[in-house]
Amino acid sequence: MLTLTGLGVTYDGLRALSDVSLDVGAGEFVTLVGPNGAGKTTLLKAISGSVPSAEGRVVYKGRDVGRLRPNERAALGIAHVPEGRRVFPTLSVRENLELGSYRRDARARRAEGLQTVLELFPILKARASQLAGSLSGGEQQMLALGRGLMAQPDLLLLDEPSQGLGPRIVEQIFETIDRIRRERRLTILLVEQRVVEALELCDRGYVLETGRVVLAGGRDALLADARVQRAYLGG
Amino acid sequence: MAQVAELLQYVATGLLVGGVYALMSIGLALIFGVMRVVNFAQGDFMMLGMYLTYFYALSGIDPLLGAVLTIPPFFVLGWVVHRGLLARVTGGGDPQRQMDAQLILTLGLSLVITNAATMILTPTPRGIRTAYATQAFAAGPILLNQARSYAFVMALILAAAVYVFLTRTDAGRALRAAADDPEAASYQGIDVRAMHGLAFGTGIALVAAAGGLLATYYPIEPSVAGNFIVLMFVAVVLGGLGSIPGAFVGGLVIGLVQSLTLLVLPFQLQNTGVFIVFLLVLYLRPQGLFGRRARAV
Amino acid sequence: MTPRARGWLAIAAIVVAGLVLSFVVQERYHHRVLTLVFLWAAMGLAWNIISGYAGQISFGHQVFFGIGAYVTVLLVVKTGLTPWIGMAVAVGVAILAAVLIGLPTFRLAGIYFGLATLAYPLIFRIVMDWLGYQEVAIPMKRDHPGWFMQFTEPRSFDLLALGVLAATLVLSRVIETSRLGYRLRAVKENEQAAEAMGVDAFRAKMTAYVLSAAPAAVVGAVYIHAILFIVTPEAVFGLLVISQTLVVSLVGGIGTLWGPLIGAAVMVPVSEVLDTTVGDRLPGIQGVVYGAALMLIMLYAPEGLFWRIQQTIRSRAGRRAAAVRPAITAPADELMASAPAGNVLLEVRDVSKAFIGLQALSEVSFDVHEREILGVIGPNGAGKTTLFNVLNGFLVPERGAVRFCGETVTGLRPNVLCQRGLGRTFQVPRTFPRLTVLENVMVGALVRAGLADARGVARDALTRVGMLDRADGLPGGLTTLELRLMELARCLATSPKLVLLDEPLAGLSTDGVDVMIAMIRRVRAGGITVVIIEHTMQALLRLADRLVVLDQGRRLAEGAPNDVTRNPAVIEAYLGKRWLARAGAPTC
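Predicted model only: the values in this text are computed from it and were never measured.

Chemist: Would you mind going over the overall build of chain A in detail, with residue names and values included?
Modeler: The helix and strand tally for chain A stands at eleven helices and ten strands. What you see for chain A is a C-alpha radius of gyration of 17 Å, in line with the 18 Å of a compact globule of 235 residues. Overall size of chain A, expressed as C-alpha extent along the three principal axes, is 50 × 40 × 35 Å. Considering chain A as a whole, with its 235 residues, one finds that 55% of them fall into the buried category. Sequence-distant contacts, at least 24 apart, represent 68% of the contacts inside chain A between residues at least 6 apart.

This is the structure in C-alpha cells:
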C-alpha cells in the first residue's frame, strides 16, 4: 500500500532523513522504532505531506503522492495521528470526532463511525460535550486515535502515541491499538520510542537512527536483536 | 430616581449600539482567529456595506433587509480579496514577517478604499430615511430608538446565525479547527488555505452587514471607516484576540463604555473611555476576557 | 576607501545634491515640494530607527511629530519663545514621552505592541481637543520673522528642512555603525539569540525609541512652520502622517538609511504632482496612490526597493562567484590533552520546573567540572532542553538553584549570564540572516569588546573553527555544518567559560560529525567547559568525559559513558522495562 524509495528530507535546515526506503503492505502492521532525533516523526510527516521531500518518492496505492498537499493526501485515505496528539482544544470531544470524518468518503459513514469509536473508548462517550483542551493526556490520545479512525482510513499513521503518558495508560492505548488492528484489519504504520510494546504488536519492523534505516526485519527477529539496543545507547 | 432612569437610559442605548459593534467585531475576530491577520481595512468594508445598503434603499429596499442582502456580494468580494492579495503576501516564509506584511497590506487597502470612496462617492454625508429612525419604543422610563432597536435585534440574529454556522456545520467546525491547529486540521483533510478564504469572506460579509444596520441611524460617509475601526480593535482585544464569543461580548462592552462615557464627557470625547479600556486591557490582561492560549505561530 | 568612509561620503554627497537642488529650483511651488521631500525623508529615517533597525514596527510615531508641532507653536503663542529654542523643548518633551510610552509598551509581545502604538496618537488627539487646542495658528511676527522661523524666502525653508535631514542622516549613520546598531539588528533578527549573546534587548529597544523620537519632533516643528501654519489634532496626530511615514520608509526600504531617501524622493513628488493636477477633481488621490504603493510593495518587494535592488545585484554576483569552496575538514589536532580539572564550575541543585500539566524538571542536581565535556542525554521528553533553558536564563525554576563560578545565578537573564561567561548555541541555528557571517560573530564579541576590537575578536573566533574564509558571506549560503560552526564561533566570541551546546551533531553527515567533534575538543583544549545535549549516541560516547541521564524530568544516572549505557535503569528508560526483562543482562 505504501512504498518509500530513497527518501531524503531536509527540515528546519537539518538533514533529517537520508535515503530511506521502506514499504507497508495492505493489512500489515509495521513498526518504526529508533532513538530521539532519529527522524521518525519527520518520516511520518513526509508521508502525510506536511514536510516536503528533497529526494525520493512516496508511493501510496500505486500513486506518487509527492506533489499532493496534506489535505489532499488525507482525502485519499491516509490518517495521520500526530505526535503530541494535537486535538482541537476549543472544540468539544464530539466535534473533534465529527471533524475526523471530514473527508468525503468518511462523511457518509459518520454516524456509524461515531458509534464504533465511542464504544471503543467509553471515556470519550462520557466526556462527549467537554472541550478537548480540558481532557487529560491519556484521554486526548484516545480522542486523537478516535479522530483518526473516524476518517475510515486505509492507512493509519500513529506517531508516538505513548509520548508523555503514564505506563498504565500506555498499556491501555496499546491494547486498544491491538484490538483495532484485529477487528478492522487496517494497515498501520506505528512510530514509537517504546521498543518492546511497539514491536510486539507488529508484523514487521524497522529501526531508524540519525535519519537512516539501520535495521529491518520480522517481529521476532528484531525483538531478539541486540543491535536495537545499540541504536539507542551506542556501544 | 431620575438619575437611575438616566443611567438606565445610557445603559440601554449603549447595549443597543453595542449589539451592532458586536457584529462588526465578530468579523474581525474570525479573520484574526483563523488567519492571524489584523485587517485594517475592516472599517472600510463596513463603510462600503453602508453605501450598498443606501443604494438598496434608493431602490426601495428597507435597510434592515438591505443589510442582509449585502452578505452575498461582500462574501464574494472578501474571497476575491483574499485570493488575489492576502494569499500572495508571504513575507518570505517567516510567519512573523508574514503577519507584519499582511497587516501593512490591509493598511494600504484601507487607504485605497477610503480615498477612492471619497473620490467616487464624494464626502457628502448621506442618510437613509425610514419611518422608524426617528421613533422610539417606550419601556418604562427608558426610550429605545426604534432604528437602533431593530438593528440590535438583526445584529443578534446574524450573530446567532454565525454561531450556528460555526458549531453545527462541517465548514464552520473546519474553520475553528484551522484556527486551533492548522497542521492537525490539514491531516483531517481540511484545506487550510480555502479556510482562510472562507474566514475572510465571512468576516467581510459580517462587517458589511453590520454597516448596513448602522446605516439605519448613522450618517453614511467615507470617513466612517476610521471612526469604527478602533472600536472594533478594542472590542476584539478586550474579548481576547481570536475568540468569537469574546468579540461579541467585547462589542457589547465597548458600546456600554462609549455610552457611559457620555455621562461625564462631551460628545467629541466619547471614545476616551474606550481608549482607557484598551490600554488597561493591553497592560493588565493582554489575552483579554476569553483569551485563548497563544497558538505557536 | 573603507566602507565606513564611503558611507559618510555618500551622506555628504546627498547633502550637497540637496543644496544644489535648492539653489537651482526657482518656483515657489517646487521649493515646497523639495521641502516636503526633505522633511518626509527625515521623518522616515526617524521611524526607521525604531521600526527598521530595531524591528519594532510602530504605527503611532506621529505622536512625536505632533508633540514637536504643538509644543513649539504653543510656546510661541503663550510665551513668545522663539521656535528655535522651542524645538529643543519639544525634543525634550518627546523624549520624555518616548520613555513613558516605551516602558510599558515594549513589554508587549508581537502584534500587541503594534496595536498599542495605535492608541497613543488617538489619545493625544482627544487630549488636545479637550484642552481646547483644536486650532492653534502661528501668530505672524513681522518684526523678526527669521527669529520665528517665518521666512519670506521659500528657499530658506528648503535649507532648514535639508538641515534637519542632514542631522537625521548623521544620527542614523552613527547608530548604524555603532555597537547599538549591531545590537539592534541582532535583536530584530532574532531576539532570543541576541539575548543569549549578551544583548540587553529591552535597553537597546528603549534607546532606539528615544533616539527615534527626537528627530520626529523636530520634523513636526519645522513642518508646522514651513507648510501648515495651523496646528490641528487631526493634521499632526492623524492617520495621514503615519501613512506618509510608512509609505516613504516601506517603499524605499526598511532598515537602511537609503530607504526613506529613495522613498521620499519617489513618492512625495508623485503625490504632490497628482494633488495639484487632479486633486480638485479627485480629492483623496494622494491616499489612493499611497495605499496602492503600500500594497504593491508588500506584494512584490516587501523589504522595499533598496533591498530588492541590492538582492538582484548580489544574486547575480553570487552566481558568478559560486566557485567550489574547499570543504571544511577535521583539523589534525595537536593538544587534545587538557584533562578536566577537579573544581566545580557549575552547580545545579534540586532544580524543578513545571509547565501547565507537566512537571518538566524534578529536583535535578548535578555538577559540572571545569574543562570537562559533560553529555546530557535521555529519552524524548526527558526535559533536556528545558534544563538548558533554565541554565541559560530563558526560564526560571520554581525551586532549586544554579550556581556558576561560585555565585548564585538562578533567575538571571540570558544576556547577564552571557556576560558572566555562560554561552549557548541552539538546536536550530538561530542566525542573524541579514548580517554577514563576520557580523554575526561580532555581535557576540560586543559583549566584552568595543566596536574597534570586536572585528578582531570575531575573526579570531572564526579562525578557531576554521570558518575565516566564509567571513564575508551571508548565513543563507552556508551548509548545516558551517552554520553550526558559525554559531560556535559566535558563542566563542563572547569569551565564555562554559558553553551549552544543544544538539550540535544533529543532521550532520559522518564527516560533519567528525569535524564537529574535533572542534568541540578544540574548544575544550582552549580551557572552556562544555555541556552537550545529544541524541547521536555513538558520537557522544567518543566525545564526552561523563554523562548525565535525565528521564521524565528526573536525574536518572550519572557517570562514565560506558557505565551509564550499561546501567539497567538507563536501558529501561530508553527501551522499556520489558526490553530489559527480555534481554536479561545486556551483552554486546
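Chemist: Please set out the interface of chain B and chain C residue by residue, giving values where relevant.
Modeler: Taken together, the 37 residues of chain B in the interface contact 31 residues of chain C. Broken down by element, the side of chain B that touches chain C gets its largest block of residues, 17 residues, from helix H5 (residues 95–121) of chain B. Considered class by class, the residues forming the side of chain B that touches chain C number 23 nonpolar, twelve polar and two charged.

Chemist: Got a sec to walk through the interface of chain C and chain A? Specific residues and values, please.
Modeler: Each side of the interface is counted separately: chain C has 26 residues, and chain A has 23 residues. Only helix H19 (480–492), helix H21 (537–543), helix H23 (568–575) and helix H24 (577–583) of chain C provide two or more residues apiece to the side of chain C that touches chain A. Looking at the side of chain C that touches chain A residue by residue, the class counts come to 13 nonpolar, ten polar and three charged.

Chemist: Tell me about the packing of helix H6 (residues 146–168) of chain B against helix H7 (residues 170–180) of chain B, and please be specific about residues and values.
Modeler: Helix-helix packing is described using two parameters, namely the angle between the two axes and the distance between the axes. Residue and element names in this part refer to chain B. For the pair H6 and H7, interaxial distance at closest approach is 5 Å and the crossing angle is 80°. Taken together, H6 and H7 sit at an angle that is classed as roughly perpendicular. Contacts between H6 and H7 involve Phe 165, Leu 166, Thr 167 and Arg 168 on the former and, on the latter, Gly 172, Leu 175 and Arg 176. When the residues that make up the contact of H6 with H7 are grouped by side-chain class, the tally is three nonpolar, two polar and two charged.

Chemist: I'd like to hear about the sheet that holds strand E2 (residues 14–24) of chain A, residue by residue, with values.
Modeler: Residue and element names in this part refer to chain A. Ordered in space as E2-E1-E4-E5, the four strands form an open sheet in which the pairing is antiparallel. Among the strands making up the open sheet, the edge pair consists of E2 and strand E5 (63–64). Of the strand pairs in this sheet, strand E1 (residues 2–11) and E2 are connected by seven bridges, and their pairing is antiparallel. Bridge pairing in E2 places Thr 10 opposite Arg 15.

Chemist: Kindly report on helix H13 (residues 285–300) of chain C, identifying the contributing residues and their values.
Modeler: With 16 residues, H13(C) extends 22 Å between its outermost C-alpha atoms, agreeing within 8% with the 22 Å of an ideal straight helix rising 1.5 Å per residue. Packed against the buried residues of H13(C) are H5 of chain B together with helix H11 (239–252) and helix H12 (258–278) of chain C.

Chemist: Could you give an account of the sheet that holds strand E3 (residues 344–355) of chain C, naming the residues involved and the relevant values?
Modeler: Residue and element names in this part refer to chain C. Strand order in the open sheet formed by four strands is E4-E3-E6-E7, and the pairing between neighbours is antiparallel. At either margin of the open sheet sits one strand with a lone partner, and together these are strand E4 (358–369) and strand E7 (407–408). Bridging between E3 and E4 involves eight bridges; their strand directions are antiparallel. The residue of E4 that forms the bridge with Val 348 is Phe 366. Packed onto the sheet, helix H15 (residues 384–392) meets E3, E4 and strand E6 (399–404) and runs at close to 65° relative to E4.

Chemist: Please provide a residue-by-residue account of the pairing of strand E7 (residues 155–159) of chain A, values included.
Modeler: Residues and elements named next belong to chain A. Among the five residues of E7, five are classified as buried, and the element is accordingly described as predominantly covered. With burial as the criterion, each face of E7 is covered, one bearing Leu 155, Leu 157 and Asp 159 and the other bearing Leu 156 and Leu 158. Pairing of strand E6 (residues 78–81) with E7 involves four bridges; the strand directions are parallel. In the sheet register, Ile 78 faces E7, and the bridge partner there is Leu 155. When E7 meets strand E8 (residues 187–192), the two strands line up parallel, connected through five bridges. Note that in E8 the partner of Leu 157 across the bridge is Leu 189. You can see the chain leave E7, run along helix H8 (residues 167–184) and come back into E8, and the turn it takes is right-handed.

Chemist: Please give an account of unusual backbone geometry that cites residues and values.
Modeler: The backbone of Thr122(B) sits at a positive phi, close to 65°, despite the residue not being glycine. Residues other than glycine seldom take positive phi values, yet Arg371(C) does so here, at roughly 65°. The residue Arg371(C) is located in the loop between E4 and strand E5 (373–377) in this model.

Chemist: Now, about the environment of Leu543(C): what can you tell me, with residues and values included?
Modeler: Residue and element names in this part refer to chain C. Here Leu 543 shows up in helix H21. You can call Leu 543 buried: it has 22 C-beta atoms within 10 Å. Among all residues touching Leu 543, those that are not within four sequence positions of it are Ile 373, Ile 517 and Ile 520.

Chemist: Break down the packing of helix H2 (residues 42–58) of chain B against H5(B) for me, with residues and values.
Modeler: Residue and element names in this part refer to chain B. At a closest axis distance of 9 Å, the pairing of H2 and H5 adopts a crossing angle of 30°. For the element pair H2 / H5, the angle class is roughly parallel. Along its contact with H2, which presents Asp 44, Met 47, Leu 48 and Tyr 51, the element H5 presents Ser 110, Ile 113, Thr 114, Ala 117 and Leu 121. Of the residues contributing to the contact of H2 with H5, the split by class is six nonpolar, two polar and one charged.

Chemist: If you had to explain the pairing of E1(A) to someone new, which residues and values would you point to?
Modeler: Relative to strand E4 (residues 55–60) of chain A, E1(A) is paired through five bridges, and the arrangement is antiparallel. Paired with Leu2(A) across the strands is Tyr60(A), a residue of E4(A).

Chemist: If you had to explain the environment of Leu501(C) to someone new, which residues and values would you point to?
Modeler: Residues and elements named next belong to chain C. Of note, Leu 501 is situated in strand E9 (residues 498–502). By C-beta crowding, Leu 501 is classed as buried, having 27 other C-beta atoms within 10 Å. As a C-alpha pair, Leu 501 and Ile 533 span 32 residues in sequence and 6.4 Å in three-dimensional space.

Chemist: Tell me about the confidence of the model for chain B, and name the residues and values.
Modeler: Residues and elements named next belong to chain B. For chain B, per-residue confidence averages 88 on the pLDDT scale, and 96% of positions sit at 70 or higher. Within chain B, the lowest mean pLDDT, 82, falls on strand E1 (residues 136–139), and the highest, 95, falls on helix H4 (residues 71–84). Long-range and interchain partners of residues 293–297, a stretch whose pLDDT sits below 50, account for three contacts in this model, where long-range means more than four residues apart. What the predictor reports for the complex is a pTM of 0.87 with an ipTM of 0.90.

Thresholds, definitions, all that
Residues numbered from 1 in each chain as written. Chains lettered and ligands numbered in written order. Predicted model: local features only at pLDDT ≥ 70, side-chain atom pairs only at ≥ 80, totals over all residues. Helix = DSSP H or I, 4+ residues; strand = E, 2+ residues; numbered from the N terminus. Rg over C-alpha atoms; globule rule 2.2 N^0.38 Å. Buried ≥ 20, exposed ≤ 12 C-beta atoms within 10 Å, placed from the backbone. Contact = placed C-beta atoms within 7 Å. Nonpolar A, V, L, I, M, F, W, Y, C, P; charged D, E, K, R; others polar. Axes fitted to C-alpha atoms, helices over the stretch in contact; angles between N-to-C directions. Parallel < 35°, antiparallel > 145°, perpendicular 65-115°, else oblique. Pairing = 2+ DSSP bridges. Expected span 1.5 Å × (residues − 1). Right-handed = clockwise from strand over helix to strand, strands pointing away. pLDDT = per-residue confidence, 0-100.

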